[in-house]
Amino acid sequence: MSFNSLHFLVFFPIVVGLYFSLPHRFRWLLLLISSYYFYMSWKAEFIFLIIFTTLIDYVAGIQMEKAQTPKRKKTFLVLSLIMNLGLLFTFKYFNFVSASVRELLQLFSIPLNPLTLKVLLPVGISFYTFQSLSYTIDVYRGKISAQKHLGIFALYVSYFPQLVAGPIERAKNLLPQFLEKHYFDYKRVTDGLKLMLWGFFKKIVIADRLAAIVDTVYNNPTDYTGIPLILATVFFAFQIYCDFSGYSDIAIGAAQVMGFKLMNNFQRPYFSRSISEFWRRWHISLSTWFKDYLYIPLGGNRVTVPRWYLNIFIVFVISGFWHGANFTFVVWGALHGLYLILETATKPVKDKIYQITRLAKFPSLIKYLEIAWTFILVNVGWVFFRADSLTDAFYILTHWFTGVSLNFAPAKIIAGGWLGFAFVWGIIGLMELIHVWQERGHSVRQFLSRRSVAIRWASYLIMIFSILLLGVFERVEFIYFQF
Amino acid sequence: MEQSYKKFFKKGGLFLLSAVILLFLINAFFIQTVYNIKNPVRNYQQFVAMDKADLAVLFFGDSHPARGINPGQINPPARQGGVSQSFNFAVPSENYEQTFYKVRMIINKYPAVEVFVFPWDLHSFNNYRLSSYNETRYWLNFMTYDELSNLTAAARVNLMLRAAWPFIGKGEELIKLLENRKKKTEIHLGWQKNEENFTSEKNMSLAGIDRVQSQLKSYPDIVNPALIDSFLKIIDLLKSHHKTIILIKYPVTAEYLNALDLQGIDRTAYYANIYTRLPKYDNLYLWDFQETYKNNEELFSDPDHLNAQGADIFSRQIYGKMKELNFLN
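Note that the structure is a prediction, hence the values are computed from the model and not measured.

Quick look at the overall build of chain B
- Each helix and strand counted, chain B has 14 helices and nine strands in total.
- When its C-alpha atoms are laid out on the principal axes, chain B stretches across 80 × 45 × 40 Å.
- Counting only residues that meet the buried cut, chain B has 52% of its 329 residues in that class.
- Excluding contacts between residues fewer than 6 apart, the proportion of contacts in chain B whose partners are at least 24 apart in sequence is 83%.
- Side-chain charges of chain B comprise 37 positive and 34 negative groups, with the mean position of each set lying 9 Å from the other.

Points about a nonpolar patch on the surface
- A contiguous nonpolar surface patch, about 280 Å² in accessible area, is contributed by F89, V97, V101 and L112 of chain A.
- The residue L112 of chain A is located in the loop between α4 (70-107) and α5 (125-140) in this model.

Description of the interface of chain B and chain A
- Every contact between the two is made by 26 residues of chain B and, on the other side, 25 residues of chain A.
- Both faces considered, chain B and chain A share a buried interface measuring about 2400 Å² in area, 75% of it formed by carbon and sulfur atoms.
- If you look at where chain B meets chain A, you find zero salt bridges.
- In this assembly, chain B and chain A are joined by four residue pairs in polar contact (both at pLDDT 80 or more).
- Among the elements of the structure, α1 (2-33), α8 (156-164) and α9 (171-179) of chain B are those that each provide at least two residues to the side of chain B that touches chain A.
- Per-element tally for the side of chain B that touches chain A: the top contributor is α1 of chain B, with 12 residues.
- Of the residues belonging to the side of chain B that touches chain A, the class tally is 15 nonpolar, five polar and six charged.

A closer look at unusual backbone geometry
- For R268 of chain A, which is not glycine, the phi dihedral falls at a positive 45 degrees.
- Counting through the fold element by element, R268 of chain A comes out in the loop between α10 (227-257) and α11 (275-281).
- Positive phi, close to 65 degrees, is recorded for N326 of chain B, a residue that is not glycine.
- Among the secondary structure elements, N326 of chain B is positioned in the segment after α14 (308-324).

Quick look at the pairing of strand β3 (residues 115-119) of chain B
Residues and elements named next belong to chain B.
- Summarising burial for β3: five of the five residues are buried, a large majority.
- Burial of β3 is two-sided: the residues V115, V117 and P119 facing one way and the residues F116 and F118 facing the other way are all buried.
- Alignment of strand β1 (residues 57-59) against β3, held across three bridges, turns out to be parallel. Within β3, the position partnered with V57 by the bridge is V115.
- Here β3 runs beside strand β6 (residues 244-249); their pairing, made up of five bridges, is parallel. Note on β6: the bridge partner recorded for F118 is L247.

Overview of the nonpolar core
- Ranked by size, the top nonpolar core spans 216 residues in total, and within it F8, Y159, M258, Y270 and W382 of chain A together with F89 and F118 of chain B carry the most contacts.
- Residue-level mapping places this core at the junction of two domains, with at least three residues from each of domain 1 (14-181) and domain 2 (188-482) of chain A.
- Residues contacting Y270 of chain A, with those up to four places away along its chain left out, are A237, F238, I240, Y241, F278, W282, I371, F375, V378 and W382 of chain A.
- Counting 25 residues, the second-largest nonpolar core is a separate cluster that includes V57, I74, I246 and L328 of chain B.

Overview of the packing of aromatic side chains
- For the structure shown, the criterion picks out 93 aromatic pairs over all chains.
- Plain terms: the ring middles of F266 of chain A and W282 of chain A are 5.0 Å apart, the flat faces sit at 90 degrees to each other, and that makes the pair edge-to-face. Highlighted residues: F266 of chain A in the loop between α10 and α11 and W282 of chain A in the loop between α11 and α12 (284-295), separated in sequence by 16 residues. Residues F266 of chain A and W282 of chain A agree in their burial class; the two are buried.
- For the cation-ring pair, R451 of chain A lies above F447 of chain A, with the distance from its terminal atom to the ring centre recorded as 4.2 Å.
- Sitting over the ring of F89 of chain B, K102 of chain B keeps its end group 4.8 Å from the ring centre.

Some remarks on the side chain of D121 of chain B
Residues and elements named next belong to chain B.
- On the secondary structure map, D121 appears in the loop between β3 and α6 (136-139).
- A polar side-chain atom of D121 sits 2.8 Å from a polar atom in the side chain of H64.
- Contact partners of D121, with chain neighbours within four places excluded, come to H64, I248, K249, Y250, Y270 and Y271.

Remarks on the layout of surface pockets
Residues and elements named next belong to chain A.
- Reported here for the second largest pocket is a volume of approximately 1200 Å³.
- Around the second largest pocket, the lining is made up of 42 residues, and of these W198, I434, Q438, V444 and R445 lie nearest the centre.
- Taken together, the elements giving at least two residues each to the lining of the second largest pocket come down to α9 (186-219), α10, α18 (417-439), α19 (444-449) and α20 (453-470).
- Looking at which element gives the most residues to the lining of the second largest pocket, the answer is α18, with eight residues.
- Here the lining of the second largest pocket is built from residues that sort into 24 nonpolar, 12 polar and six charged.

What to know about α20 of chain A
- Taking 1.5 Å per residue, 18 residues should reach 26 Å; α20 of chain A reaches 25 Å between its end C-alpha atoms and fits that length.
- For α20 of chain A, the full list of buried residues reads R456, W457, Y460, L461, F465, S466, I467, L468, L469 and L470 of chain A.

Looking at the packing of α5 of chain A against helix α6 (residues 150-158) of chain A
Residue and element names in this part refer to chain A.
- For the pair α5 and α6, the least separation of the axes is 8 Å and the interaxial angle reads 135 degrees. Between α5 and α6, the crossing angle belongs to the class labelled oblique. On α6, the residues touching Y128, Q131, S132, S134 and Y135 of α5 are F153, Y156 and V157.
- When the residues that make up the contact of α5 with α6 are grouped by side-chain class, the tally is five nonpolar, three polar and no charged.

Some thoughts on the domain arrangement of chain A
Residue and element names in this part refer to chain A.
- Splitting chain A by domain gives domain 1 (14-181) and domain 2 (188-482).
- Computed over C-alpha atoms, the centres of domain 1 and domain 2 are 27 Å apart.
- If you look at the interface, domain 1 gives 36 residues, while domain 2 gives 35 residues.
- Between domain 1 and domain 2, a total of about 3000 Å² is buried, with carbon and sulfur atoms accounting for 66% of that surface.
- Counting across the domain 1 and domain 2 interface gives one salt bridge.
- Linking D292 and R170 is a salt bridge whose minimum nitrogen-to-oxygen distance equals 2.8 Å.
- Inspection of the region where domain 1 meets domain 2 yields 12 residue pairs in polar contact (both at pLDDT 80 or more).
- When residues of the side of domain 1 that touches domain 2 are traced back to their parent elements, those giving at least two are α1 (6-21), α4, α5, α7 (160-163) and α8 (171-179).
- Here the side of domain 1 that touches domain 2 gets seven residues from one element, more than from any other, and that element is α5.
- Of the residues contributing to the side of domain 1 that touches domain 2, the split by class is 23 nonpolar, eight polar and five charged.

Some remarks on the sheet that holds β6 of chain B
Residue and element names in this part refer to chain B.
- Read across the open sheet, the five strands follow the order β2-β1-β3-β6-β7; overall the sheet is parallel. Taken across any chain shown, the strands that pair with only one partner, and hence form the sheet edges, are β2 (86-88) and β7 (284-288). The mean inter-strand angle of the sheet, taken between neighbouring strand axes irrespective of direction, is 20 degrees.
- One ladder, built from three bridges, connects β1 with β2; its direction is parallel. Directly across from L58, in β2, lies its bridge partner F87.
- The sheet contacts of helix α5 (residues 96-109) involve β1 and β3, and relative to β3 the element is tilted by about 170 degrees.

Observations regarding the environment of K184 of chain B
Residue and element names in this part refer to chain B.
- Mapped onto the secondary structure, K184 falls in the loop between α9 and β4 (186-188).
- For K184, a relative accessible area of 47% translates into the label partly exposed.
- Non-local contacts of K184, meaning those with residues more than four positions away in its chain, are made with I37 and R42.

Procedures and definitions
- Residues numbered from 1 in each chain as written.
- Chains lettered and ligands numbered in written order.
- Predicted model: local features only at pLDDT ≥ 70, side-chain atom pairs only at ≥ 80, totals over all residues.
- Heavy atoms only, no water.
- Helix = DSSP H or I, 4+ residues; strand = E, 2+ residues; numbered from the N terminus.
- Buried < 20%, exposed > 50% of the residue type's maximum accessible area, 1.4 Å probe, protein only.
- Contact = heavy atoms within 4.5 Å.
- Lys, Arg positive; Asp, Glu negative; His and termini not counted.
- Charge placed at Lys NZ, Arg CZ, Asp CG, Glu CD.
- Patch = residues over 30% accessible without salt bridge, like charges linked within 9 Å, V, L, I, M, F, W, Y side chains within 5 Å.
- Areas by Shrake-Rupley, 256 points an atom, 1.4 Å probe, with all protein chains shown as cover.
- Salt bridge = Lys/Arg side-chain N within 4 Å of Asp/Glu carboxyl O.
- Buried area = accessible area lost by both parts, 1.4 Å probe.
- Polar contact = N/O pair within 3.5 Å; in protein donor to acceptor, adjacent residues only side chain to side chain.
- Nonpolar A, V, L, I, M, F, W, Y, C, P; charged D, E, K, R; others polar.
- Pairing = 2+ DSSP bridges.
- Core = buried A, V, L, I, M, F, W, Y, C linked by side-chain atoms within 4.5 Å.
- Domains from an automatic or database assignment.
- Phe/Tyr/Trp six-rings, centres within 6.5 Å; stacked < 30°, edge-to-face > 60°.
- Lys NZ or Arg CZ within 6 Å of the ring centre and 35° of its normal.
- 1 Å grid on protein atoms, 1.4 Å probe; cavity = no way out; pocket = protein on both sides within 12 Å on 5 of 7 lines; lining within 4 Å.
- Points joined across faces, edges and corners; volume = space filled by probe spheres on them.
- Expected span 1.5 Å × (residues − 1).
- Axes fitted to C-alpha atoms, helices over the stretch in contact; angles between N-to-C directions.
- Parallel < 35°, antiparallel > 145°, perpendicular 65-115°, else oblique.

As structure tokens, then:
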């Protein structure tokens with residue numbers, strides 16, 4: 001079930017209504033059944049994978065806590081890692097690795113027909129596997145106690161708002177919340193609903209509208225040169241942001257309605273002044289996961305400089321691979337790794353240039369230049385992320401400036417006429433204006449809460465009817481479902 | 001908590017009520033100002049409203065008949081403003097899959113209609129004609145929810161919502177149509193009047209090539225099996241009801257025909273291919289007007305569409321042939 005489906009619009013109020021009507025001791029059961037139903041409405045049989053992951057990590061957690069020796073403790077951690085990552089490998093990476101091996105051997109004229117699995121990629125497998133893994137690793141490290149209640153643990157793995165596309169929660173934050181009794185609080189509930197509304201707006205009005213333009217160009221990139229290729233990439237940057245952060249807003253808002261606080265996943269990433277800042281603002285739950293469970297165990301920055309750079313590179317390549325079994329994602333990850341290494345290595349030079357050119361006297365100018373530069377670098381990365389193949393990605397990058405002129409007619413055509421073209425820029429501009437305001441420390445919800453009922457309701461009604469009128473309702477899936 | 005509940009339901013109820021009122025208002029406004037002025041909708045409304053006492057001939061198909069057949073010129077009473085014996089049920093971009101449902105509706109509801117006229121053009125069966133069913137509310141005049149659901153792969157509940165609330169997701173159309181209100185096409189007995197003149201085109205040859213490329217060259221699957229199946233289904237349906245079927249090759253310009261040759265499109269082979277699939281039926285007529293006006297570009301609005309003047313001349317010619325065969329008085 002997708003958030004932007006009629007099914008969810010019926011499902012969610014029923015679950016919330018029942019949740020607050022039931023005594024506290026039964027609520028976990030309601031949420032677990034609802035979460036399983038939520039997942040099974042996509043493909044029922046894949047629920048067994050979630051149950052399998054749950055049982056493995058539940059047993060591993062308890063056994064690690066009970067373990068008398070570090071060796072036994074480690075055995076259960078390794079068991080959990082093998083099982084979880086094995087499952088992920090089988091369903092997500094096996095066919096990719098198999099095809100890559102075949103292609104590699106073909107280079108040496110060695111014929112091989114390796115096994116190919118005829119399986120679909122289970123929605124959200126990367127998300128719930130990582131969430132569950134974080135639990136076992138934290139139990140192993142002694143940061144949290146093992147959860148004894150199987151039902152509560154199962155709910156932690158499958159809690160429906162964040163099951164299929166995050167935010168990837170930590171047991172330390174989410175597990176205790178399932179034990180707390182949540183009361184119906186008017187302000188919290190309405191704040192959650194407002195956040196959901198904003199998420200729906202970003203997904204249905206902005207992301208899905210941009211998707212049509214981006215798909216036109218990226219599905220046949222060789223039909224285009226210059227401006228359309230640049231515009232499609234910039235539009236993709238906003239599409240993926242609105243798609244994914246829209247999903248996160250709906251997830252966080254839905255959880256908030258029921259009294260749960262999920263971690264923030266996005267912090268206006270396109271206002272970042274550097275790639276390292278970008279990764280503190282983009283998909284925060286995944287970045288922090290990799291930092292805590294991969295980068296720091298590799299030694300982080302407390303090693304020699306070359307090793308530090310290698311650590312950064314490894315983390316980003318694996319992060320790219322996490323996104324999808326395709327070399328385009330690996331290159332995207334590697335590119336960001338390189339960006340970060342270069343950024344770290346050249347920081348003293350950059351500061352010196354600012355001094356020499358006297359730019360240092362204009363901090364605001366530096367800020368905007370850095371934001372623009374970071375946005376350009378991120379967009380180069382998005383080309384690999386969105387392109388269907390490396391060949392397409394290289395074509396796009398090498399034709400960005402081919403035949404560039406001030407003739408926007410081709411761009412107008414792909415955007416569905418001047419009106420469509422103006423409209424997409426209008427909504428992006430509106431969103432970014434709100435972001436600028438938020439960057440200055442304001443909150444839209446707080447601002448509205450201080451206004452009269454008429455203004456508040458008018459704002460919400462405008463938002464609802466903007467979604468109904470201007471939304472694209474043909475497209476359903478969120479981009480990150482495929483990961 | 002009790003107070004929170006009360007506040008939520010009280011305020012939420014009021015908010016919902018205002019949203020529902022607004023929903024009805026916006027929807028009514030949209031239907032009135034946008035939906036009802038769409039050409040297919042107006043075509044259907046004219047059909048529903050017309051006096052069908054003498055209705056004997058219906059024209060189906062896409063923009064070729066929609067712009068090329070003026071029922072007002074088909075028979076003398078209609079010319080004098082009386083009851084028409086024919087109606088132009090064609091809508092631009094319509095394909096045979098869609099036409100089938102319209103024909104079926106006519107057979108079921110208006111059994112007195114005897115003659116069914118369809119286009120038989122070069123793009124009639126290719127993927128260029130694969131269109132969507134965006135106007136849910138309009139298509140439900142001709143088919144059931146289940147049929148539309150099968151054709152569009154949309155859930156029945158989605159279709160019901162789209163039919164009841166056609167404004168959903170159509171904000172851009174609202175802006176565009178409000179912008180173009182003055183350019184509303186004139187429609188008479190289903191005929192879409194177009195007064196443009198192809199001779200005012202600077203480069204007529206290039207326009208012909210562009211047209212052929214957009215219609216045929218970009219769609220190499222010139223005969224789509226699904227559309228042929230729908231076409232044969234229509235023929236079978238009409239045959240089983242002993243109706244008369246006329247297939248017309250609509251007039252095009254010399255520029256269009258030259259462009260076909262330039263693009264290497266073999267007209268003879270194409271028509272032979274379709275012809276072999278047609279069932280044997282005495283009441284099936286094939287009329288070829290493709291080259292009749294090819295050198296009278298002033299009768300066209302573009303390389304392959306008759307303008308108002310051309311439609312009048314062509315419609316009278318059609319009437320003459322129909323009268324000869326006693327299809328009309």
